[in-house]
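Here's the letter readout for the chains.
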Amino acid sequence: MDPVSASAALATGKEKRQEQQFLRGLCGDCCFCTGTRGKNMRTKRLGDMFIEQGLITKEQLEEALKYQAVEKDRLGATLVKHNYITEKQLIDTLRLQLGIEYIDLTKVDITPEMSRYVPKSLAKRMNIVPVRIVKDQLYLAMADPLNFMAVEEAGRTSKKRIVPMIASEPAVKRTINILYGNEGAAQAMAEIRAETAATQEPETARAQETQENNTPMIRLVNSIIERAVSENASDIHFEPTAEELVIRMRIDGELHRIMTIPSELKDSVISRLKIMAKLDIVEKRIPQDGRAVIFIKNTELDLRTSTLPTIYGEKVVIRILRRNEETLNRRGIGIPAEEDAKIDRLLGLTSGVIMIVGPTGSGKSSTMYTLIRELLSDRTNLITLEDPVEYHINGATQVQINEKVGLTFASGLRSILRQDPDIICVGEIRDGETAEIAMRAAMTGHLVITTVHTEDAISAIDRLRDMGVPPYLIAAGLRGVISQRLLRRICPSCKKEIVPSKKALELAGIPDVPGKIYWQGAGCDHCFRSGYRGRIGAFEVMMVQEHLRKCILNDADREEFMKAAREESGYVTMAEHARALVESGITTVDEVIRTLMTI
């Protein structure tokens, strides 16, 4: 509940007396607790304060109160959710109303020892996090500073006098995950050190028994993976150096250093990761690849593990794949509405090749799985060839590539053609043989969906030529190309207006319009101070029709391809879509330059 709702709810009887005791206990002499100014601010309603500051109108407050009555949320949270105010404006107003300190949790280094004052269960249940101890006072960051029950319980468990501080709710939740995740890691490392000192067994023997007996090591590795899941990371990097093992995580496409593990424990951590992925823990001289399936917070995760020998030991990178089919839809992957009609036309075909192109990490696999789910039915035989199988799709026949036994994309594709398929999905075309078989399969009445690493849609044709596919096969088999990139979204919590430089606008291909408003994230406790949170796709869809087929056969240049595509099917480039996202305030000029400069 927000302060106004809390005050109204506790207006009678025992609960009112409890609230008064709580307010008196906040501090001895601040204006919030005892001063005249504090009393005046306490009686002023939060909504009225927003109106006085010019943040909302009376009509907007009335609309928000209607939303609040339905959603049963705090007034402040309702105003933020429906974009009447920003979260920063809410926090500033609450500080003014309550007279208590605000804390930016991203700028505070909370020691793992703080976790012993407030149990993890209490912190998660009440959305609170201990920050520091000063004499007999425990400073407590809270998303709802009038949650007096949380203050009472924290005071009882810590045996300290509680000093509430206000913080944003996402920052509190994230800090809880970090603090108690680090607590588990620190405790596990201490136990590992103790066990290592007690028993000095040969390294190989210890490694083989890790899974069964080394419980602290299992907890340590699990806590790191849990942290990655809570941060919505796509990859975890375990990087050995001369002094320590550095843990970094890729969040929204950017790597962030998260923690370090002492050098004496790095071999045990790497062995545990290799055991999980069913890799050879004794072999350290050659790269290895494996996978593991685990459950974290009732979520099934597929971990793709890769090792690489370095001068300081093996580096391990884990790709985290969430088996969540709910995100596999066009809205979930961000395909713009104007491209939907073209994709609908492609999916309505019964034969031909549809290619999804882009560099590594551009979301090609998510798009391919989205199309697969749309094409599935009881009347179609849909078979996939993948390396590896990332998402398990009910109703599809999915085949895992195994080059060790001779099951390659080319050999697998030949075998699939004898299985009476209607739709074939090839995870990636890596060579000319696979590409040629796919084109011939399309010409014989099959719909083929595949991915290729290229910069944009037109470059896909050049890539097929480079692989040695004859132009007549490309022209006859290719039906459409979907190209994409992932751009970071501006963090909504710290979004602000900016004036980009003329040079930046020129690099992004955006015309310099005087008075045009652009946006950028200032950096806050929601977004690692980066100014970005989440990502969105920038797409282009090129339909291959009569004019483009002639261009392919005549070995036309890029300019001719572009002209034909625009005239024939309304081709809009990915860069143009990205610029539209900038003008809509979804991403920034700098992000477009960073992501699309090579196009």
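See the structure shown above.
Report on the accompanying structure.

Parameters and conventions
- Residues numbered from 1 in each chain as written.
- Predicted model: local features only at pLDDT ≥ 70, side-chain atom pairs only at ≥ 80, totals over all residues.
- Heavy atoms only, no water.
- Axes fitted to C-alpha atoms, helices over the stretch in contact; angles between N-to-C directions.
- Helix = DSSP H or I, 4+ residues; strand = E, 2+ residues; numbered from the N terminus.
- Parallel < 35°, antiparallel > 145°, perpendicular 65-115°, else oblique.
- Left-handed = near helix turned anticlockwise from the far one by under 90°.
- Contact = heavy atoms within 4.5 Å.
- Nonpolar A, V, L, I, M, F, W, Y, C, P; charged D, E, K, R; others polar.
- Pairing = 2+ DSSP bridges.
- Salt bridge = Lys/Arg side-chain N within 4 Å of Asp/Glu carboxyl O.
- Buried < 20%, exposed > 50% of the residue type's maximum accessible area, 1.4 Å probe, protein only.

**Looking at the packing of helix α20 (residues 457–466) against helix α24 (residues 558–569)**
No. 1: Two elements in contact, α20 and α24, have axes whose closest approach is 10 Å; the angle formed by their N-to-C orientations is 130 degrees. Taken together, α20 and α24 sit at an angle that is classed as oblique. Remark: the crossing between α20 and α24 carries right-handed chirality. Note on element contacts: α24 touches α20 through R558, F561 and M562, opposite I458, S459, I461 and R465.
No. 2: Class assignment for the residues of the contact of α20 with α24 results in four nonpolar, one polar and two charged.

**A word on the sheet that holds strand β9 (residues 313–322)**
No. 1: If you walk across this open sheet you meet the six strands as β6-β5-β4-β9-β8-β7, and the pairing is antiparallel. With one partner strand each, in any of the chains shown, β6 (254–262) and β7 (288–296) form the two edges of the open sheet. The average angle at which neighbouring strand axes cross in this sheet is 20 degrees, direction not considered.
No. 2: Two elements, strand β5 (residues 244–251) and β6, share eight bridges in a ladder whose sense is antiparallel. Paired with M249 across the bridge in β6 is H256.

**Section: the pattern of salt bridges**
No. 1: Summed over all chains, the structure comprises 26 salt bridges.
No. 2: E231 serves as the salt-bridge partner of R227, at 3.2 Å between the closest nitrogen and oxygen. Each member of the pair R227 and E231 is classed as buried.
No. 3: Shared partners join several salt bridges into a network, and the residues in it are E254, R488, E591 and R594.

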